[in-house]
Structure formats: C-alpha cells, structure tokens
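Architecture at a glance
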Amino acid sequence: MSEFWLISAPGDKANLQAWERMNTVTSKSNLSSNSKFHIPDLKVGTLDALVGLSDELGKLDSFAESIIKKISQYIGEVMEDSKDKVQENLLANGVDLISYLTRFEWDMAKYPIKQPLKNISEALAKQVTQIETDLKARSAAYNNIKGNLQSLEKKTVGNLLTRTLADIVHKEDFVLNSEYLITLLVVVPKSSYIQWQKTYESLSDMVVPRSTKMIAEDAEGGLFTVTLFRKVMDDFKAKARENRFMVREFYFDEKELKCEKEELMKLASDKKQQYFLINWEPLTGCLRIISAAHDGFSGVSYGAASHSEGITILLYLFSQGPLLRWLKVNFSEAFVAWIHVKALRVFVESVLRYGLPVNFQAMLLQPNRKSVKRLRDVLNVVFKHLDEVAAASIMDPGMDIPGLQLSNQEYYPYVYFKIDLSLLD
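No experiment lies behind these values; they were computed from the predicted model shown.

**Concerning the environment of K114**
Secondary-structure assignment places K114 in the loop between α3 (97-102) and α4 (117-154). Of the residues examined, K114 reaches a relative accessible area of 75% and is grouped as exposed. For the pair formed by K114 and D41, sequence separation is 73 residues and the distance between their alpha carbons is 9.0 Å.

**Regarding the packing of aromatic side chains**
Per the counting criterion, the structure on display carries 20 aromatic pairs. Aromatic side chains F331 and F335 sit 6.0 Å apart centroid to centroid with 25° between the ring planes, which places their arrangement in the stacked category. Note that F331 and F335 are positioned in helix α10 (residues 322-354) at a spacing of 4 residues, about one turn of the helix. Pair check on accessibility: F331 and F335 agree, each one buried. Relative to Y414, the ring of Y412 has its centre 5.6 Å away and its plane inclined at 10°; by these criteria the two rings are stacked. Look at Y414 and you get buried, because its relative accessible area is 1%. Lying over the aromatic face of Y412, R376 brings its terminal NZ or CZ to 4.0 Å of the ring centre.

**So, the sheet that holds strand β2 (residues 32-36)**
The strand order β2-β9-β1-β10 describes an open sheet built from 4 strands, whose pairing is antiparallel. Every interior strand has two partners, whereas the edge strands, β2 and β10 (415-420), have only one. Pairs of neighbouring strands in the sheet enclose a mean axial angle of 25°, with direction left out of account. By the bridge criterion, 6 bridges tie strand β1 (residues 3-10) to β10 in an arrangement that is antiparallel. Paired with L6 across the bridge in β10 is F417. The sheet contacts of α10 involve β1, β9 (360-367) and β10, and relative to β10 the element is tilted by about 165°. Most of the contacts of helix α11 (residues 372-383) go to β1, to which it runs at about 5°, and overall it touches β1, β2, β9 and β10.

**Topic: the sheet that holds strand β5 (residues 181-189)**
What the 4 strands build is an open sheet, ordered β6-β7-β5-β8; its pairing is antiparallel. Whereas interior strands pair on both sides, the edge strands pair on one side only; in this sheet they are β6 (213-217) and β8 (246-248). This sheet shows a mean twist of 35° between the axes of neighbouring strands, independent of strand direction. Where β5 and strand β7 (residues 221-229) come together, 9 bridges link them in antiparallel fashion. Residue pairing across strands places P189 opposite G221, the latter belonging to β7.

**Some remarks on helix α1 (residues 13-28)**
Compared with an ideal rise of 1.5 Å per residue, which puts 16 residues at 22 Å, α1 spans 23 Å between its outermost C-alpha atoms and is within 8% of the ideal. Buried residues along α1 sit in contact with β1, β2, β9 and α11. Phi turns positive, to about 55°, at N30, one or two residues after α1.

**Quick word on the pattern of salt bridges**
Scanning the model with the defined rule gives 12 salt bridges in all. K118 serves as the salt-bridge partner of E56, at 3.2 Å between the closest nitrogen and oxygen. Remark: K118 occurs in helix α4 and E56 occurs in helix α2 (residues 47-78); sequence separation between them is 62 residues. Across the salt bridge formed by E122 and K118, the nearest N and O atoms sit 3.9 Å from each other. On the criterion of helical spacing, the pair formed by E122 and K118 is a turn pair, its members being 4 residues apart in helix α4. Classification of E122 by relative accessible area gives partly exposed; the value is 44%. Since its relative accessible area comes to 40%, K118 is described here as partly exposed. One network of salt bridges, in which partners are shared, links E56, K118 and E122.

Analysis parameters
- Residues numbered from 1 in each chain as written.
- Predicted model: local features only at pLDDT ≥ 70, side-chain atom pairs only at ≥ 80, totals over all residues.
- Heavy atoms only, no water.
- Helix = DSSP H or I, 4+ residues; strand = E, 2+ residues; numbered from the N terminus.
- Buried < 20%, exposed > 50% of the residue type's maximum accessible area, 1.4 Å probe, protein only.
- Phe/Tyr/Trp six-rings, centres within 6.5 Å; stacked < 30°, edge-to-face > 60°.
- Lys NZ or Arg CZ within 6 Å of the ring centre and 35° of its normal.
- Pairing = 2+ DSSP bridges.
- Axes fitted to C-alpha atoms, helices over the stretch in contact; angles between N-to-C directions.
- Contact = heavy atoms within 4.5 Å.
- Expected span 1.5 Å × (residues − 1).
- Salt bridge = Lys/Arg side-chain N within 4 Å of Asp/Glu carboxyl O.

Here it is, written out as structure tokens:
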C-alpha cells in the first residue's frame, strides 16, 4: 500500500508509553509498519505567526503534491514506449520514494533551521513555484512538437483518397515537364479493377494507351496512374467520376514532397530527442572501440547497418533526453520539498495542539491495506486522552465538535497528515 500516515503525539513519559503500546499492538496484529519521523528543533516564533503559517502550509502542501503528480504523469507521457519503467524513474535524492520517506532527514543545507519557519515555508514555496513555471514552458515546447508530429502522422494513415502520397509516389511514375501531357492519379475500388483496365482509355479522347499502372493498394482499392493530354483533363475527370473512379488532386512536386518527408523525420527526431539525447561524437568513439575489439576476435568488421544499430543501443544505454532528464531531477526536487512541507506541518500543528515547550514525537505509519479501519480504531483508543471530545465524535459520527470547522473524518485526537505515493493513478 502506497499510503502513509504521518502522526504525532506529545513526547512526555506517559505518551511515550502510549507510543510503545500502539507500536506493540499494531506490530503484533500486522496493522501497519511504523518508523519514527525525525523533525529537527525548529524556531517556534509567535502563536499568531503559527496560526497564519498553518493555513499557508496547507495550501502549499496541496500545491506541491499537484506539481509532483503532474511531473510523474508527464514522465509517463514522455516514456510512452517504456511505461512499465516509469515508477523506477521516480526517485528522491537517488532512492525510491518509500525509502526516502521512511528514512527522512531534514536537509540542513537547503533549509537552515536557524531561520524563522515563515522563511523556510517561503523558500519551499518559491522552489516549487519555479519548478511549475519551468514545467509549463518545457511541456508547451514538447506538446508543440508532439502536436505537429501527430498532425503530419495523421496524413500517413487513412485510405488512398485522403492520406499523404509523399511516401508512395516516385518521379518515374509521372510524365513531367511536358507542355501537352499530364499524369493523373486515380483511386479505383478493388471490385472495379477489371472495369478500369477495360475502360480507362475510352473515358475521353487523347488518353495515352497502356499508360496505367497500379502504384499502391490498400484494403479498399488501388492507386493507378494514367497519362493523357492536358486539354482533355477536365472531361476525363468527369467521366471517371461517373464510373466511380476518383481522381486525386495531386501534382508531383519533388521539392515539396522532399520537404514533407524531411519535416516528418525532423519532428519525429525532435520528439525522440526529448527521451534519447543524440550526441554522436562520443558514442561513435565508443562504438569504434567495441567494433575494434569485435574485429580483433572475429576478423569480421561491422557493416553500416550494424554500426547504426550499435549507436542506437549505446544511445539507449548511456543517454537520456534533456526533457526526461529535467523531469527526473525536478521530480526529486519537488518531492523532497513536499516532504519537508509535511514535516513543517507536523511541527506547526503539534505546537498549536500540544503547546510549549516543544515536546512531541512524530511517527510514520504505513497501514496494511486490509486493516485501515482497525488501525484507526486502535489509534483512537490509544490517544483518546489527548482530546476526549474528538475521540468521542469519531466513535459517534453524528456528534459535532463545538467550534471545529474541519470535517470529522479529518480531525483526530492526534496530529495526522496523509501522504499518498500513488502518483501515477
């Protein structure tokens, strides 16, 4: 189960005994896996400041979580051909998310604890906001490439009446640069192939005999060429239409076709480079070393195809594209920031709930999927002395807590925050 409960209770002797009792009960019954969550001695400040900060941290918590989910889902989109490997790319400081969370240590260098809590909160907010801004810019650029590619790719699917012909026709299929003759492309239904062969020469005057040739075929029909004099072109088109032969409006332009092919290849390459970083120089050098070693043992040199395949393999092994690399780095940064926000929230709420001097113990629980309700009941029994009214209202959902604006389900006798690591759902 990827859901964790971050809770806290006072750290005095009586409550530490409650902790031990809770630990014993949950472990014996396999209700949850528990570990201490270490929060450093932060500067408390004034009560008013803590109340205001509590609201700000709640908003920052939700904001940071939304950014993390966006990045993780975007990693899945960029790794469209390797979706099964997305989870293993979601790391925090180089380790998997559960390991980072259960072994959490405050980053003293990035978030010095001698500064006021508000300063730490603002630094976290600024960091996450900058990541969101960069994500928007990078995702817009990637989506632009992807959208243009999809538009071009749509032209390569469909039937012979609508799809692009850039990858089908060749220069030798046409009579070009003639003042009098022109070659047309006609889509003929499969059931009408024989009729076409028998009648195309007589559909109008001045059709070149035996000039037809099928150059492509799909499930519905074939694409045929036919050469005729320019001056009868309109008459031929009308007669062809009457016989259910559809003339494609197409004129061979070698430069235009070449540009279309190159644009498709470039967009495909640009999109791929977001995942694979094409850096030929060092990779070619690596391949030469591998090739030389291979030649030394076998006496057989690599051909051009093998050389290309080798570079592709090396690209896969050694390189990742700039977008994917950025997403992974900033996912880690955002996730680390988010858990620090959670730690701040526990600290602030614990001080507000349990008072001064600061003395509480935070713990991380990973509930057993089948025992969530039982675990909640155990916690409420163990810690009900912290807030008898709240505990009673949980046992009796119909009971209101005077002055409390939160939902009953979100308020417990102990400080509680949920951490859900199901980021790809």
